[in-house]
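Chain residues, written in single-letter form:
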Amino acid sequence: MDVYDNDVATQRHARGTAGNYSEEDHETWHKLCVRQSELVAPVACHAFKVGLPKLGLDFKRLPDREIMERRIYGLSGWRLADAQNEYLGPTEWFEHIAAKRFPVTDYIRRPHELDFTPLPDLFHEYFGHLAFFTDPAFGEIAQRYGTVYLQARTEAQQLAIARLWWFGIEFGFVREQGELKVIGAGLLSSPGELQHALRDETPKYAFDINRVAATPSAAYSYHDHYFILDSVQHWREIIDSYARQEGLAD
Ligand SMILES: [Fe+2]
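Since the structure is predicted, the reported quantities are computational estimates derived from the model, not experimental observations.

Each helix and strand in the chain was counted, giving 12 helices and six strands. In terms of overall dimensions, the chain is globule-like: its C-alpha atoms have a radius of gyration of 17 Å, near the 18 Å expected for 250 residues. Overall size of the chain, expressed as C-alpha extent along the three principal axes, is 50 × 35 × 35 Å. Across the 250 residues of the chain, 43% fall into the buried class.

In structure tokens, the structure reads:
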């Protein structure tokens, strides 16, 4: 499940029957896991590579939310919230994040959407996001975005925080030992957008708070450009800087 810019975030879509999976659905999951784990192996950031084995996903069968929640809770203290196959509004989203709950859907994309799904599905969430939430230190950074968002006093502040989140945890790059690596779950889980983003001709800029805050997200298409973090800790410093700049520090 995802949070989008305000114009998109207020839309709510009912999406299929939760948890009632066909063999075709399991096959879609399997194909995505096999293909994507090969694609991301050379480009995924360190935190993803360390976290994915801890998750213990079964690449052949769709994950069970309760089992995965118990595993993640034991590792980092985070829980999984049931997003009930709908987009959450940004406030509802960040309320979950502030309370250390990551919202997930039960929806799995259709077989013809292997390369790209405009509706985030459970492959995006379990494969793309949850590896990071096996790490309590990463979870603490994510939670900080939730608490700062809830302190925001204006819509402009809320939108800026949602974009700092979006271009980091969803579509960000990070530098590791001089190499460009992928940290964004939206890239790690999307074969099509990952390859688009990795192209040399796709612009990638330093993660400047004001520039990112002024950049709309593209929920239904690939992004024109991306932003590069100096490190995972840099993503923490960004939300702290923004909170100080706007007088939202606790
Ligand atoms: Fe996401």
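With that settled, the discussion passes to the sheet that holds strand E5 (residues 204–206). Across the sheet, four strands lie side by side as E4-E3-E6-E5; this open sheet has mixed pairing. Single-partner strands in this sheet number two, and they are strand E4 (179–182) and E5. Across the sheet, the axes of successive neighbouring strands diverge by a mean angle of 40°, strand direction being ignored. The pairing of strand E3 (residues 173–176) with strand E6 (residues 226–229) spans two bridges and is parallel. Note that in E6 the partner of Val 174 across the bridge is Leu 229.

Taken as a whole, the chain shows an average pLDDT of 90; of its residues, 91% reach a score of 70 or greater. Below pLDDT 50 for its whole length, residues 4–18 participates in 31 contacts with residues either more than four positions away or in separate chains.

A word on the pairing of E3. In regular strands, side chains alternate between the two faces of the sheet. Looking at chain direction, E3 and E4 are connected through four bridges and run antiparallel. What sits directly across from Phe 173, in E4, is Val 182. Hairpin remark: E3 followed by E4, antiparallel, with two residues in the connecting loop; positive phi at Gln 177, about 50°.

This brings us to the packing of helix H5 (residues 90–98) against helix H7 (residues 136–151). Angle between the axes and distance between the axes: these two values describe a pair of packed helices. Axis separation between H5 and H7 bottoms out at 7 Å; the angle between their running directions is 130°. Classified by the interaxial angle, the pair formed by H5 and H7 is oblique. In this structure, the crossing between H5 and H7 has a hand that is left-handed. Contacts between H5 and H7 involve Phe 94, Glu 95, Ile 97 and Ala 98 on the former and, on the latter, Ala 142, Gln 143, Tyr 145, Gly 146, Thr 147, Tyr 149 and Leu 150. Of the residues assigned to the contact of H5 with H7, the class counts are seven nonpolar, three polar and one charged.

Attention shifts here to the nonpolar core. Core analysis: the biggest nonpolar cluster contains 67 residues, and Tyr 145, Ile 161, Leu 164, Val 182 and Leu 188 have the highest contact counts within it. Of all the elements, helix H8 (residues 155–170) adds the most residues to this core, at nine residues. Other than its neighbours up to four places away in sequence, Tyr 145 contacts Phe 94, Ile 97, Ile 161, Trp 165 and Ile 239.

Two elements in contact, H8 and helix H12 (residues 232–245), have axes whose closest approach is 11 Å; the angle formed by their N-to-C orientations is 170°. Here H8 lies roughly antiparallel to H12, going by the angle between them. Contacts from Ala 160, Ile 161, Leu 164 and Gly 168 in H8 reach Trp 235, Ile 238, Ile 239 and Tyr 242 in H12. Along the lines of polarity and charge, the residues of the contact of H8 with H12 split into seven nonpolar, one polar and no charged.

The rules we used
- Residues numbered from 1 in each chain as written.
- Predicted model: local features only at pLDDT ≥ 70, side-chain atom pairs only at ≥ 80, totals over all residues.
- Helix = DSSP H or I, 4+ residues; strand = E, 2+ residues; numbered from the N terminus.
- Rg over C-alpha atoms; globule rule 2.2 N^0.38 Å.
- Buried ≥ 20, exposed ≤ 12 C-beta atoms within 10 Å, placed from the backbone.
- Pairing = 2+ DSSP bridges.
- Axes fitted to C-alpha atoms, helices over the stretch in contact; angles between N-to-C directions.
- pLDDT = per-residue confidence, 0-100.
- Contact = placed C-beta atoms within 7 Å.
- Parallel < 35°, antiparallel > 145°, perpendicular 65-115°, else oblique.
- Left-handed = near helix turned anticlockwise from the far one by under 90°.
- Nonpolar A, V, L, I, M, F, W, Y, C, P; charged D, E, K, R; others polar.
- Core = buried A, V, L, I, M, F, W, Y, C linked by C-beta atoms within 7 Å.

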